[in-house]
Amino acid sequence: MLQPNGVDHNSTTTNGTSGNSAYDVYADYLIVGTGPAGASLACFLTQHGLTGLIVSSAPGSADTPRAHITNMAALDCLRDIGLDTECYQLGTTGDSMVHTRWSNSFAGEEYARIYSWGNDPRRKGDYELASPSEPLDLPQTLLEPILMRYATLNGFQVRWDTTFVSVTQDEGEDGGVTTTLLDKVTNQQFRVRSRYLFGADGARSEIVKQVGIPLIRRPGQGFAINILMEADMAHLMDSRMGNLHWILTPDKQHPDFAWIGCIRMVKPWHEWLCIIFPEATAERKARTPEEYMDRVREFIGDDSIDIKIKGISTWAINETAAEYYSKGRVHCLGDAVHRHPPNHGLGSNTCIQDAHNLAWKVAYVHKGLASPRILDSYSEERQPVGLDVVTMANASLRNHKEIWRVLGNLEPTVEQRVAVVKELNEDSPAGRKRRADLQEALRMINREEHGLGIEMNQRYTSSAVYKADQGDAPVFTTDALENYHPTTYPGARVPHVWLNHAVPGKPISTLDLAGKGHFTLFTGIGGQGWKEAAKKISAETGIEIKAYTIGYRQDYEDMYLDWTKIRDVDESGCVLVRPDYFVAWRSQKWQEESASMLKLVMDSVLSRSTKAVPVS
């Protein structure tokens, strides 16, 4: 809730007099950045009844598509607050995402194609079993307004054209944060007092820099240019369905600033983003639309199509991650702490999951249900995920460069490049070797396009997960990048399983029973004691634990016996799930001491216990 300067119920630095106040505005929570990270954090905080102020240095939401693939893990988070429905209404699914292609021009000869985003017939079942959601192409220009509308309708106030200037923090758990902001419209600075500051201010984060969070910087891979354009290509799409079209032109001379292109669908089939990769030696400088137009026309390869360039922007291909995400009462998320190319489509998705992890912990501290120490687990859990994403996205871009090599694009002259391409159809040892190289390169890219594992296999180790009595974690039996490995081992995402009632109705996912701001306990026949224990703890502490029995003629029927196969505990055991869908703890069976153990675990997970409990 925003308040003018005056009494700050948390601060001792404000005297309540307008002229001498240590701040100008009070807001419980201040978020800097209205991209997928900041906007989704505001949404998730409002789920718990928390509000505040969100600011952006921009005059409005994203004006270029930027991130676009929204994966199932992120959509599950948005499903938690009911926003997935609107996302599906505005986004694009199905055949429009079916392929990734490589060709000499969009309309011309094709070198290769692979299935993408769960559309491979051999992989569709893996995706359907992993989540109640399905992958979606939702450009950032459409996603951000959905998030911001929800946040502002539910209590957050927004200030555009407002830039972060500085932040100071009080010492101790009972302190606060004073942030100085600049209103770019009036050119006036003002100070906001808040419980916490959330830095979601993007890849050039001033907050990360100012609070002194160190960055792991690996050598970048240059820069790229985004060209947003109108071009009606519907007549080409029947045989070219897909949303990523890589354009390689080894047979043509090209300017050093426009070497290789990737044409990406924004709105089928008239709005596109042409991503241009320059040569490594190209100078990064502004160029006119006219300088790009000839090359864009070559990439499209159909002179009958009218092209209108709507915007041009340049971005760095980073391989950078923060060493940790929090410092004192400042918590950073999104591109501020993990910066990488768009390969795997993990950018906005990781941002949304950062926010989903952080929001419930902040809310539980706000309501006195958890100790502020639980906020340490945010960085402990999400930093390893962000570092993995940064590493994998850059590795995948390097895999793309292998395709560029196989198709001749790394050769210095047109003659040499054409000779390499001709080799692909030769009945010779060199031809067979090059075809085998292309097949292997495509196999590696298929790991990116169907990287279900890197989307869903997060494994948390922190104080907010109780593993002390669990033994060793299960090992991955197949490729952990490609394949999702569902498990109820603490620290993993609770598996999605469809449930129903004895008299069948609309199926419901285990994820839909979980989330919603509360803890969830799943048990089965013989586990009635867990439900009674959960009810007692809820009554005594105010911590809501919703308990359900799954099994024959229980609260929910195990429709296909999938829960039986995947729960990893006995029927009378339990699986305790946090508000962010992650397993906090599990117990093999109900025993005499189980009720007291559940209370101990809850105290440990919420950092309510003064006694140290091992986290691994």
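Remember, predicted model here, so these are calculated numbers, not experimental data. (Residues numbered from 1 in each chain as written. Predicted model: local features only at pLDDT ≥ 70, side-chain atom pairs only at ≥ 80, totals over all residues. Heavy atoms only, no water.)

**Q** Please explain unusual backbone geometry as it appears in this structure.
**A** Trans is the common state for peptide bonds, and a negative phi is the common state for residues other than glycine. Note the cis peptide between Pro268 and Trp269, where omega equals -10 degrees. Looking at the secondary structure, you find Trp269 in the loop between β17 (260-267) and β18 (271-277). Within the chain, Leu561 stands out as a residue other than glycine whose phi angle is a positive 60 degrees. For Leu561, the location among the structural elements is in the loop between β27 (545-549) and α15 (562-566). (Helix = DSSP H or I, 4+ residues; strand = E, 2+ residues; numbered from the N terminus.)

**Q** Can you walk me through the packing of helix α14 (residues 528-541) against helix α16 (residues 594-605) in this structure?
**A** If you want to describe how two helices pack, look at the angle between their axes and the distance between the axes. Between α14 and α16, the shortest axis-to-axis distance is 9 Å and the interhelical angle comes to 45 degrees. In this view, α14 runs oblique relative to α16, as classed from their interaxial angle. α16 is crossed by α14, and the crossing has right-handed handedness. The segment α14 lies against α16, with Trp530, Ala533, Ala534, Ile537 and Thr541 engaging Ser594, Ala595, Leu598 and Lys599. Considering only residue class, the contact of α14 with α16 consists of 6 nonpolar, 2 polar and 1 charged. (Axes fitted to C-alpha atoms, helices over the stretch in contact; angles between N-to-C directions. Parallel < 35°, antiparallel > 145°, perpendicular 65-115°, else oblique. Left-handed = near helix turned anticlockwise from the far one by under 90°. Contact = heavy atoms within 4.5 Å. Nonpolar A, V, L, I, M, F, W, Y, C, P; charged D, E, K, R; others polar.)

**Q** So what exactly am I meant to see when it comes to helix α2 (residues 72-79) here?
**A** For the α-helix, the turn length of 3.6 residues means that residues three or four positions removed from each other point alike. Counting buried positions along α2 yields 8 of 8 residues, so the element is predominantly enclosed. For α2, every residue scored as buried is listed here: Met72, Ala73, Ala74, Leu75, Asp76, Cys77, Leu78 and Arg79. At the N-terminal end of α2, a side-chain oxygen is found 3.2 Å from the backbone nitrogen of Ala73, two or three residues along, and the residue is Asn71. (Buried < 20%, exposed > 50% of the residue type's maximum accessible area, 1.4 Å probe, protein only. Polar contact = N/O pair within 3.5 Å; in protein donor to acceptor, adjacent residues only side chain to side chain.)

**Q** Honestly, the packing of aromatic side chains in this entry has me stumped. Any pointers?
**A** Two measures describe an aromatic ring pair: the distance that separates the ring centres and the angle between the ring planes. Scanning the model with the defined rule gives 21 aromatic pairs in all. Residues Tyr460 and Phe582 carry aromatic rings whose centres are separated by 4.2 Å and whose planes lie at 20 degrees to one another, so their mutual orientation is stacked. Of this pair, Tyr460 sits in the loop between α12 (452-456) and β24 (498-499) while Phe582 sits in the loop between β28 (574-577) and β29 (583-587), and the two are 122 residues apart along the sequence. Accessibility assignment for this pair places Tyr460 and Phe582 in one class, buried. One aromatic cluster in this structure is built from Trp246, Trp259, Phe277 and Trp404. Across the ring face of Phe106, the terminal group of Arg101 is positioned such that the distance to the ring centre comes to 5.7 Å. Note that Arg329 overlies the ring of Tyr196, its terminal NZ or CZ placed 4.4 Å from the centroid. (Phe/Tyr/Trp six-rings, centres within 6.5 Å; stacked < 30°, edge-to-face > 60°. Lys NZ or Arg CZ within 6 Å of the ring centre and 35° of its normal.)

**Q** Mind showing me how you'd approach the sheet that holds strand β20 (residues 319-322) here?
**A** Strand pairing in a sheet relies on backbone hydrogen bonds, with the paired strands running either antiparallel or parallel. Spatial strand order, β14-β20-β23: 3 strands in an open sheet with antiparallel pairing. Each edge of the open sheet carries a strand with a single partner, namely β14 (215-218) and β23 (338-339). In the sheet, β20 pairs with β23 via 2 bridges, with the strands oriented antiparallel. Looking at the pairing, Thr320 lines up with Arg339 of β23. Here helix α9 (residues 376-406) sits on the sheet and contacts β14, β20 and β23; the angle it forms with β20, its principal contact strand, is near 180 degrees. (Pairing = 2+ DSSP bridges.)

**Q** Please clarify how the nonpolar core should be interpreted in this entry.
**A** Nonpolar side chains tend to gather and get buried jointly when the protein is soluble and globular. Membership of the largest hydrophobic core comes to 89 residues, with the highest contact counts inside it found for Leu45, Phe198, Phe519, Leu576 and Leu598. Considering every element that reaches this core, the biggest residue donor is helix α8 (residues 347-366), with 10 residues. Look past the residues within four positions of Leu598 in its chain and what remains in contact with it is Leu521, Trp530, Ala533, Ala534, Ile537, Leu576 and Trp585. (Core = buried A, V, L, I, M, F, W, Y, C linked by side-chain atoms within 4.5 Å.)

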